[in-house]
Amino acid sequence: MPKVKQSDTAGQMPPEVLRAYHYHLKGLTARETAKLLDVSTRTVQRWASEYRFKEKARPDTLQQRAAQLRKQGFSYQEIAATIRKSRTTVYNYLKAAKR
């Protein structure tokens with residue numbers, strides 16, 4: 001389990017926490033995520049609280065959510081599956097967001 005530094009909360013998440021966040025975005029529970037990462041359920045719950053997974057995961061619109069996921073490194077196909085839209089729609093959302 002990685003130690004959380006104060007600077008991590010303001011900047012990027014440690015790799016293991018980032019993986020937990022991606023699982024959260026895909027709709028996995030803390031228990032399922034913990035099993036995949038080989039950590040305790042409580043650890044995943046603490047990360048979710050500390051790094052505010054829920055606040056970061058719910059932008060106002062699907063277009064904003066698609067842009068947020070893209071910034072985090074998700075592929076167009078992964079974004080489409082996450083927001084339940086077609087890959088073409090995701091492409092159009094991101095193209096419009098650049099303007």
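Residues numbered from 1 in each chain as written. Predicted model: local features only at pLDDT ≥ 70, side-chain atom pairs only at ≥ 80, totals over all residues. Heavy atoms only, no water.

1. A few points about the packing of helix α3 (residues 30–37) against helix α4 (residues 41–50)
Interaxial distance between α3 and α4 falls to 8 Å at its minimum, and their mutual angle equals 110°. Of the possible angle classes, the one that applies to α3 and α4 is roughly perpendicular. The crossing of α3 and α4 is right-handed. Two secondary-structure elements touch here, α3 through A30, R31, T33, A34 and L37 and α4 through T41, V44, Q45 and W47. A breakdown of the residues in the contact of α3 with α4 according to their chemical character gives five nonpolar, three polar and one charged. (Axes fitted to C-alpha atoms, helices over the stretch in contact; angles between N-to-C directions. Helix = DSSP H or I, 4+ residues; strand = E, 2+ residues; numbered from the N terminus. Parallel < 35°, antiparallel > 145°, perpendicular 65-115°, else oblique. Left-handed = near helix turned anticlockwise from the far one by under 90°. Contact = heavy atoms within 4.5 Å. Nonpolar A, V, L, I, M, F, W, Y, C, P; charged D, E, K, R; others polar.)

2. What about the pattern of salt bridges?
Summed over the entire model, instances satisfying the criterion amount to one salt bridge. Across the pair E50 and R46 runs a salt bridge whose closest N-O atoms are separated by 3.8 Å. Within this pair, E50 and its partner R46 are both found in helix α4, separated by four residues, close to a single helical turn. Overall, the relative accessible area of 28% leaves R46 in the partly exposed class. (Salt bridge = Lys/Arg side-chain N within 4 Å of Asp/Glu carboxyl O. Buried < 20%, exposed > 50% of the residue type's maximum accessible area, 1.4 Å probe, protein only.)

3. Focus: the side chain of T33
You can see T33 is positioned in helix α3. According to the relative accessible area criterion, T33 is buried, its value standing at 2%. Each residue touching T33, except ones within four places of it in the same chain, is listed here: A20, Y23, L28 and V44.

4. Section: unusual backbone geometry
A positive phi angle is found at D38, which is not glycine, with a value near 60°. Along the chain, the position of D38 falls in the loop between α3 and α4. The residue R52 is not glycine, and still its phi comes out positive at about 55°.

5. A look at the nonpolar core
Counting residues in each nonpolar core, the largest one holds 20 residues, and the members touching the most others are W47, F53 and I79. Considering every element that reaches this core, the biggest residue donor is helix α2 (residues 15–25), with four residues. Not counting residues up to four positions away in its chain, the partners in contact with F53 are M13, V17, A20, Y21, H24, W47 and A48. (Core = buried A, V, L, I, M, F, W, Y, C linked by side-chain atoms within 4.5 Å.)

6. Describing the packing of α2 against α3
In the contact formed by α2 and α3, the axes pass within 10 Å of each other and the chain directions differ by 140°. As judged from the angle between their axes, α2 and α3 are oblique. For the crossing formed where α2 meets α3, the hand is right-handed. Contact residues: α2 offers E16, R19, A20 and Y23, while α3 offers T33, L36 and L37. Residues that form the contact of α2 with α3 fall into these classes: four nonpolar, one polar and two charged.

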